[in-house]
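Spelled out from the first residue to the last, the chains are:
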Amino acid sequence: MRRARRYDRPRFLVVITALVICYLFAPIAIVVLFSFNKENSLAVFGGFSTRWYVAFLHDGGIHASLAASLEIGVTTMVIAAVLGTTLALGLERSRLRAARVVEGTMMLNLVSPEIATAVAALLIFTQLGITLSLATVIAANATWAIAYVTIIVRSRLASLNSDVEEAALDLYASQWQTIRLVTLPLLWPAILASSLLVFVMSFDDFITTYFVSGLGVPPLPVRIYSMIRFGVTPEINAIGTLMTVATVSLALAALALFALRRTRSGSSVVTDLNG
Amino acid sequence: MRSRRAIFRVLLLPGTLWLAVLFVIPLGLVVAVSLAQTNIVGLPVYGLHLGNYQNVFQSYYLPVILRTVEYAAAATVIIGVLAYPTAYTIARFGGRFKNALIVLVILPWFVDYLVRIYAWVVILGDNGTLNGILHGLGMHGSPPVQFLNRPWAVIGGLVYTYFPFMVLPVYAALEQMDPALIEAGRDLYASGRQVFWHITLPLTSSGIVAGIVLTFLPSLGDFATAQLLGGSNTYMIGNLIADQFSNVGDITFGSALTVVLMSVLLVVIVGYLRRTSRRARAVRP
């Protein structure tokens, strides 16, 4: 069973892959390393210290921004989970010709450069006289977030055996009961995984948030952006390290949920993502 | 059966309405504003003026647009050259670590977008890590080497940011390919190189094309990378758009720039769809 024979595995491939993985992780490692620097320097490591984390703990402005971003993340997640799931059900099961137009629009939204959709959202808010606030950020973020939930939930829906639902209907369950008691429980892992993903992405989102956040408390990414422009300090490294730990663990949780249901149905995570 | 479908038609509504109000109508508004003129207080007066588009293609802004396409294309090529061997190695020789390795490669994507760009500010800055290392190597006294504000800093930043979008589709295409085809090629006395160019690469071209679309498009619309790693000489169309929507800008001109950006996107998408539908027809005549 030696499928890949020796001559098929040139050493340079392994070397390139190792270098690429180093390239991907070295910058993050450096950010983490210098977040523990005793000195106020990003060039010389002067010894271990947690002073930048202490600075973060006492930075009231950052806390307000963090709270704003958590609100954006959670609310966007809830809206996108509800609308994305209903849209997935509608697209997969309605058999309407118009559903393909809706799907095309959703995909166009997904591949549009984020700056274009952000500018469009900004224009509609300002032309309608809506003051920019966290609510406008949530509305604009939910618009792209719906697409992610719809795609993930729909791929799960397509892989379900609809016999179960037909059986429920034949046994005099109402349509609504069937969806609530049969379909939704089966979709639950996909809804949860896509919700986690959307939470992380909207919590992190910079471009849309930057355009539609207005003059109130800046959400975390917008505040980090202005901090970087103002000048780099290891405190940004500390914030970045904490955000990395939080978002990467949530993302891994989402992937694990995804992998869990995939291994049950027997195909790999990535193959499925690609269609 | 008709009544069984009814509820799903209702379920289609909320999401569709949301997309219509917050995506389709706003896009139409962008087009309308791009054709408007600005009055003295800076408000758009709607009409059918092409002045903003003439502005986009005049000598002052055209280089920015060309530069944007150039940077995005360069980043896409570099990403492809790095991502293909990586995906290939993981798909063919990853063994039981395959899934773990591919997760490892896409993991940095989950690190905050700004933190990833910031990491390069830390490394490449005048007082950054790389200059610190050069200093330690004995370049005392000499002024710091300027790494930022250069085209390669911006392109490198784009490469770093959008790398996972190429690895994933290429990996998926390689996974779907039957490895027996490679062995068949070898058994028929093709060299490793011939097998790669005549079998593996053509069979995974759909993944490569998807990867090109997925990395090129977001690179085209990026603006934080050029803002933080570059300077005024590395401005991209995203920076121009962002400027127009800040307090000093002209939103009608900004809208025209956005429409130009969306047009490039549409060209790429239509090209992609035509290619995939042609392929689908070739496979299933």
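See above for the structure.
On a predicted model such as this, the values are computed, not experimentally measured, just so you know. (Residues numbered from 1 in each chain as written. Chains lettered and ligands numbered in written order. Predicted model: local features only at pLDDT ≥ 70, side-chain atom pairs only at ≥ 80, totals over all residues. Heavy atoms only, no water.)

**Points about the interface of chain B and chain A**
Rules: Residues count as neighbours in contact if any of their non-hydrogen atoms are within 4.5 Å of one another. Buried area adds together the accessible area that both of two parts lose upon being put together, with accessible area traced by a 1.4 Å probe. We count a salt bridge whenever a side-chain nitrogen from Lys or Arg sits within 4 Å of a carboxyl oxygen from Asp or Glu. In the analysis that follows, any N or O atom pair within 3.5 Å is treated as a polar contact, provided that within protein one partner can donate a hydrogen and the other can accept it, and provided that, for residues neighboring in sequence, both atoms belong to side chains. Helix numbering and strand numbering both begin at the N terminus, where a helix is a DSSP run of H or I of at least 4 residues and a strand a DSSP run of E of at least 2. Any residue outside Ala, Val, Leu, Ile, Met, Phe, Trp, Tyr, Cys, Pro, Asp, Glu, Lys and Arg is labelled polar, Gly included; the first ten of those are nonpolar and the last four are charged.
Counting from both sides, the interface comprises 92 residues of chain B and, opposite them, 92 residues of chain A. Of all residues in chain B, the largest losses of buried area upon contact with chain A belong to Trp18, Phe110 and Tyr118 of chain B, amounting jointly to 9% of the total for that side. At the boundary of chain B with chain A, the tally comes to zero salt bridges. At the junction of chain B with chain A, the criterion picks out nine residue pairs in polar contact (both at pLDDT 80 or more). Here the side of chain B that touches chain A takes 23 residues from helix H1 (residues 2–34) of chain B, the largest share from any one element. For the side of chain B that touches chain A, the residue count by class is 66 nonpolar, 17 polar and nine charged.

**Some words on the side chain of Thr129 of chain B**
The criterion, for reference: To sort residues, take the accessible area from a 1.4 Å probe on protein chains only and compare it with the maximum for the residue type: under 20% means buried, over 50% means exposed, and anything in between is partly exposed.
Note on placement: Thr129 of chain B falls in helix H6 (residues 129–136). The class for Thr129 of chain B is buried, based on a relative accessible area of 8%. In this structure, Thr129 of chain B is in contact with Ile30, Phe34, Leu42 and Ala43 of chain A together with Val122 and Ile123 of chain B, ignoring residues within four places of it in sequence.

**Re the packing of helix H5 (residues 114–127) of chain A against helix H6 (residues 134–159) of chain A**
Packed helices, taken two at a time, are described by their axes: the angle between them and the distance between them. Residue and element names in this part refer to chain A. Worth spelling out the cut-off: Think of each axis as a best-fit line through the C-alpha atoms, taken over the contacting stretch in the case of a helix, with angles from 0 to 180 degrees between the N-to-C directions. Orientation is classified from the angle alone, with under 35 degrees giving roughly parallel, over 145 giving roughly antiparallel, 65 to 115 giving roughly perpendicular, and any other angle giving oblique. By the definition used in this description, the sense in which the near helix is turned from the far one sets the handedness, with an anticlockwise turn below a right angle giving left-handed and a clockwise turn giving right-handed.
At their nearest, the axes of H5 and H6 sit 11 Å apart, and the two run at 140° to each other. In terms of orientation, H5 and H6 fall into the oblique class. Considering only the axes of H5 and H6, their crossing is right-handed. Contact residues: H5 offers Glu114, Ala121 and Phe125, while H6 offers Thr136, Ala139, Ala140 and Trp144. A breakdown of the residues in the contact of H5 with H6 according to their chemical character gives five nonpolar, one polar and one charged.

**So, the packing of aromatic side chains**
Selection rule: Aromatic contacts are taken between Phe, Tyr and Trp rings whose centres are within 6.5 Å, Trp giving its six-membered ring; a plane angle under 30 degrees counts as stacked, one over 60 as edge-to-face, and the others as tilted.
Tallying each qualifying case throughout the model produces 27 aromatic pairs over all chains. Arranged with centres 6.2 Å apart and planes meeting at 85°, the rings of Tyr88 of chain B and Phe196 of chain B form a pair that is edge-to-face. Here the residue Tyr88 of chain B occupies a position in helix H3 (residues 62–93), and Phe196 of chain B occupies one in helix H10 (residues 192–203), the gap between them amounting to 108 residues. Here Tyr88 of chain B falls in the buried class, since its relative accessible area comes to 10%. Assessed through its relative accessible area of 23%, Phe196 of chain B is described here as partly exposed. Through pairs of rings, three or more aromatic residues link up here, namely Phe206, Tyr210, Phe211 and Tyr225 of chain A together with Tyr113 and Phe223 of chain B.

**A few points about helix H11 (residues 205–221) of chain B**
Using the following cut-off: Take the number of residues in a helix, subtract one, and multiply by 1.5 Å to get its expected span.
Along its 17 residues, H11 of chain B runs 25 Å from first to last C-alpha, staying within 8% of the 24 Å computed at 1.5 Å per residue. Of all the 17 residues making up H11 of chain B, 13 are buried; the element is thus mostly covered by neighbouring parts of the structure.

**Details of a nonpolar patch on the surface**
Residues and elements named next belong to chain A. Test applied: Within the patch definition used here, like charges are joined within 9 Å and nonpolar side chains (Val, Leu, Ile, Met, Phe, Trp, Tyr) within 5 Å, considering only residues with over 30% relative accessible area and no salt bridge. We get accessible surface area from the Shrake-Rupley algorithm with a probe of 1.4 Å; when it comes to residues, only the shown protein chains can shield them.
A surface patch of nonpolar side chains, amounting to about 310 Å² of accessible area, comprises Leu33, Phe45 and Phe48. Relative to the helices and strands, Leu33 resides in helix H1 (residues 11–35). Judged by relative accessible area, Leu33 falls into the partly exposed class, the value being 40%.

**Description of the pattern of salt bridges**
Scanning all chains against the criterion turns up four salt bridges over all chains. Between Glu103 of chain A and Arg154 of chain A there is a salt bridge, with its nearest N and O atoms 2.7 Å apart. Placement of the pair is Glu103 of chain A in helix H4 (residues 98–111) and Arg154 of chain A in helix H6, with a sequence separation of 51 residues. Between Lys98 of chain B and Glu175 of chain B there is a salt bridge whose closest N-O contact spans 3.1 Å. You can see Lys98 of chain B sitting in helix H4 (residues 98–106) and its partner Glu175 of chain B sitting in helix H8 (residues 164–176), a full 77 residues away along the chain. Take Lys98 of chain B: its relative accessible area is 23%, and that puts it in the partly exposed class. Assessed through its relative accessible area of 26%, Glu175 of chain B is described here as partly exposed.

None of this, on its own, says anything about what the molecule does.
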